[in-house]
Amino acid sequence: MKTMKVTVVTPDGPVHESEAEMVSTRATSGELGILPGHIPLVAPLEIGAVRLKNGNKTQWIAVSGGFLEVRPDRVTILAQAAERAEDIDIERAQAAKERAERRLRQENMDNKRAELALKRAVNRINIYKHK
Ligand code: ATP
């Protein structure tokens, strides 16, 4: 199988670099499945999962929004925050989820901010299951 080089970068530095036969993720416009040789593309990403398939192995990465840049031989993901499944601190994500849920129950709180924090926490909890 042909592969492409995948790099995941955040403002704190690189989070992951590997070869992959396929990159799957959700852009704001819908699900994307990228294979080597794909036409150049830039797409904004949702809070969600990036899945890198190589052979019978799949690496799961949590991303908290950002951009995906595709070139025929490489995919670069520029994310606000990103964690590989095995690097997720599950207790921290669970605490963040409870904190966000508590905030959403209080009427005078900034709901949009709490909703996004909840989305990030739930995403991390889901992706941790694939470590
Ligand atoms: P928290 O309230 O726990 O800080 P958050 O969603 O507000 O969660 P972010 O602002 O998205 O956190 O991320 C801040 C930094 O902490 C980033 O580098 C991110 O990768 C890291 N991070 C956040 N939550 C986790 C987690 N559960 N496990 C590992 N790293 C995390």
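Below you will find a few notes about this structure. Keep in mind that this is a model prediction, so the values were computed, not measured.

1. Let's talk about the layout of surface pockets
Thinking step 1. Estimated volume of the largest pocket: approximately 340 Å³.
Thinking step 2. Along its surface, the largest pocket is lined by 14 residues, and Arg 92, Ala 93, Ala 96, Arg 99 and Arg 124 are the ones closest to its centre.
Thinking step 3. Taken together, the elements giving at least two residues each to the lining of the largest pocket come down to helix H1 (90-105) and helix H2 (111-128).
Thinking step 4. If one sorts the elements of the lining of the largest pocket by residue count, H1 sits on top with 6 residues.
Thinking step 5. Split into classes, the residues belonging to the lining of the largest pocket amount to 6 nonpolar, no polar and 8 charged.

2. As for the site of the ligand
Thinking step 1. With respect to spatial proximity, 13 residues lie near the ligand, and among them Glu 83, Asp 89, Arg 92, Arg 99 and Arg 120 are the closest.
Thinking step 2. In the model, a nitrogen atom of the ligand is placed 2.8 Å from a nitrogen or oxygen of the Asp 89 main chain.
Thinking step 3. At 2.8 Å from an oxygen atom of the ligand is found a side-chain nitrogen or oxygen belonging to Arg 92.
Thinking step 4. When the ligand sits alone it has 600 Å² of accessible area, and the protein chains cover 68% of it.

Here is what the cut-offs are and how they apply
- Residues numbered from 1 in each chain as written.
- Predicted model: local features only at pLDDT ≥ 70, side-chain atom pairs only at ≥ 80, totals over all residues.
- Heavy atoms only, no water.
- 1 Å grid on protein atoms, 1.4 Å probe; cavity = no way out; pocket = protein on both sides within 12 Å on 5 of 7 lines; lining within 4 Å.
- Points joined across faces, edges and corners; volume = space filled by probe spheres on them.
- Helix = DSSP H or I, 4+ residues; strand = E, 2+ residues; numbered from the N terminus.
- Nonpolar A, V, L, I, M, F, W, Y, C, P; charged D, E, K, R; others polar.
- Near = heavy atom within 4 Å.
- Polar contact = N/O pair within 3.5 Å; in protein donor to acceptor, adjacent residues only side chain to side chain.
- Areas by Shrake-Rupley, 256 points an atom, 1.4 Å probe, with all protein chains shown as cover.

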